Amino acid sequence: MAEIGKTVLDSGWIAARSTEVDVDGVQLTTTNPPAVGSESRWMEAVVPGTVLGTLVKNKAIPDPFYGLENEAITDIADSGRDYYTFWFFTNFQCKRLLNQYVHLNFRAINYSAEVYVNGHKTVLPKGMFRRHTLDVTDILHPENNLLAVIVHPPDHPGTIPPEGGQGGDHEIGKDVAAQYVEGWDWICPIRDRNTGIWDEVSISVTGPVRIIDPHLVSTFFDDYKRAYLHVTAELENKSTWNADCSVNIQITAELENGVCLVEHLQTENVLIPAQGRIQHTFKPLFFYKPELWWPNGMGKQNLYDILITVDVKEFGESDSWMQPFGFRKIESAIDSVTGGRLFKINGEPIFIRGGNWILSDGLLRLSKERYRTDIKFHADMNMNMIRCWGGGLAERPEFYHFCDIYGLLVWQEFWITGDVDGRGVPVSNPNGPLDHDLFLLCARDTVKLLRNHPSLALWVGGNEQVPPKDINEALKEDLRLHSYFETQLLSDKDSDPSVYLDGTRVYIQGSMWDGFADGKGNFTDGPYEIQYPEDFFKDTYYKYGFNPEVGSVGMPVADTIRATMPPEGWEIPLFKKGLDGFVEEVPNRMWDYHKYIPYSKPGKVHDQILMYGTPENLDDFCLKAQLVNYIQYRALFEGWSSQMWTKYTGVLIWKNQNPWTGLRGQFYDHLLDQTASFYGCRSAAEPVHVQLNLASYFVEVVNTTSKELSDVAIEASVWDLDGNCPYFKVFKIVSAPPKKVVQISKFKYPKAENPKHVYFLLLKLYNVSDNAVISRNFYWLHLPGQDYTLLEPYRKKQIPLKITCNAVMVGPKYELEVNVQNTSRADLAKNVVQEDGKHDLGLLQKLFSRCGVSADSNRGSKVVEMKGSDSGVAFFLRFSVHNAETENQDTRILPVHYSDNYFSLVPGESMSFKISFAAPTGMKKSPRVMLQGWNYPDRFSVFG
């Protein structure tokens, strides 16, 4: 008997090029089913996935993301569409009972397909972003069922001009498909244009009545004390008799330790005519003070489980549907002060600090675990919004699920870009895709797929462009707000908000319109290159209230370069100095192919890597790049935060990650190793943050929370390269109001004879009552007109460290707590000096009261001590985790979640870290957690 529910078909698929298969779909699913063998053209397939993903898995082509291997792969423009037209085949079991119905579901195929089940053919219509549901009830066999799908590429795959460009020759824009596949200034062309069964395939078994696309909406009254859940669902009766149904809705909340509380249980009776479909709206369900869902940094991501079931008289349970749901209200409007779009969640303004997202992987090798890591990384960076760029995907429900879990608001665009749709070079497709009805069908289906996720914040028509007029007007009408979400009132005359297609979140016609960039559609986003850190704080840097795209560099660590390129790609750029004194970086061909952004901008910005001295090799270059990465992105977010609400309402960085092994605009690389920019961003975007304004040199406190900070103070200490502390001061603050930036005092470098031009500044915001540190921020700085070259000889300093590590295993997952202490002290009675230059032994107690130094209690812990005779800052330390068993050149275990990394410790200071990761399957030896840093060029083990 087939159980009511869904079975995902994600294994056992095989594939073959259509031109190499001599039989048709009827024969494949009746008399001549294929098999994999030495003489067979068939190979193990990646489903969900793409043709290219299948070929890579079977080593039929080289890895397109390694070195220049993509150049060796045939492009569809040269081969023709038939070359990437593939058969996909599998079998499945499904023994149904009388009055059970079975549907075959494809959540997305690119681009068109014919489906054969047991010899029966169905032609699937075109479109990359639409679902397909086939009733296969009457053609199933009692035991084994054969399924074959022939998938055709997009109709207009286009060609790639020799110079590349944004979206190639733009022909892909004639279809309703992802546009990045012809290549962009951040990615190489995808040779098959993502042809394949790229999203979930499933078999669903129901009784006579099935549930289709319920819509959940919450409304609030009396300052969120009273809330209502509105629910509408389509119900389809597949039978030839009238169905007398009980439709049930159950809402549960998880308490602690997996215990769930049923908040509501409601049943309503409906009669559905034979082979009919009705829309049923439940009586609104009342909640008193529900636990609200909040974005990252504002509160908890409370979710309720909504379960809808339908029971048919004389049959029993016919279908069920479940969705985690968050009670929240999102509003947005153009701010009268800044001109930027201002978002409010549950009535509270939220300062947007987030970034742009293309997709997880350019070959659409999408998985729940990859999505979990991607989205958790964004939450770990303290971001609160992800923009799904219009040249990429309508993201999948799994993506949104983890955004719900981790509190990332999502800006979802439809499939329009200025480059491809009327504003690019050459100008093409000014009227967008050829089939406007298809575009709207895909858009409406996407809305139904995603609309119940609390993380979904807004719909946007396109990237740097608006859709064609008829599409734009249709989307405005389809996605118009319900009157409640405009007036905050709900009268008896109003229709239930859940009957709308959406109606709960705004639709904006384009990414540079209506409160974004200049609001008028002019190209006023960007820039996308290296900047002087102090420029981000200046009034002249960016004119408008909300920048949807601003980007910069993104060099990964040396291990990633070695893992993704052959030795020819390990050559660092040449530094060519011009007559004007500016340096031009000339990268090797592989770096150029992987879209490397230089760390200099001749005529505008001097090379920021050379600020630390000329790099000697790849390791030196990448380490110095991480120093720049950290400063660059911390300054970007701190600069925007410094003018929160007075000039800006938000900023989105271009971009957060790369869907391939690119070398620009990323906080972590395609292998999932974080760059230093990840932690610079994490520091700058914390909800309460102490910072130094690099333009004015004022110390500031940024409080993005709704709570006032009181009884807090700031400790500022300067450390020189000799381990001395020539400056120490405590700034007492009466309060830091909610949602405000407070300027504390201007920082002045202490007067000294012959001061060294590089120094360190440590800022700590703490509670006076218990000395608990709220925010810690460490800067390395240089005097005006100078550089960081004195850090080069500082590498020779031998700073003693003590590392204490505790580890537990939870299944295959390791969870470590590591404490790192800089045990150098020197003669601090002489070294600690007040701002006025006088010595004060009493400052010692203040200085170390917040250093985290405590008595030894290391029983059961692993303790590692690095000996050293020098006093000073232990600079730019970095953890990494390695597999002791692997024989590969790249020994890293990825991904790893670190509570912090790329950190520095002043003398006597200690910090604690949490590290978690899953051990590789089959690994017998313990992994090694390694530590290295500016003063520790050779990695040493702290665990394993």
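On a predicted model such as this, the values are computed, not experimentally measured, just so you know.

Rules used in this analysis
Residues numbered from 1 in each chain as written. Predicted model: local features only at pLDDT ≥ 70, side-chain atom pairs only at ≥ 80, totals over all residues. Heavy atoms only, no water. Buried < 20%, exposed > 50% of the residue type's maximum accessible area, 1.4 Å probe, protein only. Helix = DSSP H or I, 4+ residues; strand = E, 2+ residues; numbered from the N terminus. Arc of directions from axis to C-beta. Contact = heavy atoms within 4.5 Å. Pairing = 2+ DSSP bridges. Axes fitted to C-alpha atoms, helices over the stretch in contact; angles between N-to-C directions. UniProt positions renumbered as here; feature names shortened; annotations may be inferred. Core = buried A, V, L, I, M, F, W, Y, C linked by side-chain atoms within 4.5 Å. 1 Å grid on protein atoms, 1.4 Å probe; cavity = no way out; pocket = protein on both sides within 12 Å on 5 of 7 lines; lining within 4 Å. Points joined across faces, edges and corners; volume = space filled by probe spheres on them. Nonpolar A, V, L, I, M, F, W, Y, C, P; charged D, E, K, R; others polar.

**Describing helix H7 (residues 469–478)**
Looking at H7, one finds that the buried residues are Ile471, Asn472, Ala474, Leu475 and Asp478. The arc that holds the buried residues of H7, viewed along the axis, is 165°, so those residues lie on one side. On the buried face of H7, the contacting elements are helix H6 (436–450) and strand E26 (507–508).

**As for the environment of Ser696**
Take Ser696: it is sitting in the loop between strand E31 (688–692) and strand E32 (698–703). Linking Ser696 and Phe537, residues 159 residues apart in sequence, is a C-alpha distance of 8.3 Å.

**Thoughts on the sheet that holds strand E38 (residues 801–810)**
The sheet built from five strands is open, its strands ordered E40-E38-E39-E44-E42 with antiparallel pairing. Unpaired on one side and paired on the other, strand E40 (862–866) and strand E42 (896–898) mark the two borders of the sheet. For this sheet, the mean angle separating the axes of adjacent strands, direction not counted, is 20°.

**Overview of the sheet that holds strand E17 (residues 304–312)**
One open sheet holds the four strands; their spatial order is E14-E13-E17-E18, and the pairing between them is antiparallel. At either end of the open sheet lies a strand with only one pairing partner, and these are strand E14 (260–272) and strand E18 (316–325). Taking the axes of each pair of neighbouring strands and ignoring which way they run, one obtains an average angle of 15° across the sheet. Bridge count for strand E13 (residues 243–254) against E14 is twelve bridges, and the pairing is antiparallel. Each residue of the ladder has a partner; that of Gln250, found in E14, is Leu265.

**Here's the deal with the UniProt feature "domain: Mannosidase Ig/CBM-like" (unreviewed entry) in the protein**
Following the UniProt record, the feature "domain: Mannosidase Ig/CBM-like" (unreviewed entry) maps to residues 699–782 here. Taken end to end, residues 699–782 has its terminal C-alpha atoms 17 Å apart, with 0% of it in helix and 63% in strand.

**Details of the nonpolar core**
Formed by 230 residues in total, the largest nonpolar core has its most connected members in Leu104, Trp780, Leu791 and Phe875. Ranked by residues supplied to this core, first place goes to helix H11 (residues 618–642) with 13 residues. Other than its neighbours up to four places away in sequence, Leu791 contacts Tyr612, Leu721, Val758, Phe760, Trp780, Phe875 and Trp934. By size, the runner-up hydrophobic cluster in this structure holds 53 residues, among which are Val217, Ile272, Tyr304 and Ile350.

**So, empty space enclosed by the protein**
Once rolled over the atoms, a probe with the size of a water molecule shows which space is left empty. This model, assessed by the stated rule, comprises four cavities of 30 Å³ or more. Here the largest cavity is characterised by a volume of approximately 110 Å³. The wall of the largest cavity is formed by 15 residues, among which Leu216, Phe325, Arg328, Thr504 and Arg505 lie closest to the centre. Here the residues of the lining of the largest cavity are counted per class, giving five nonpolar, six polar and four charged.

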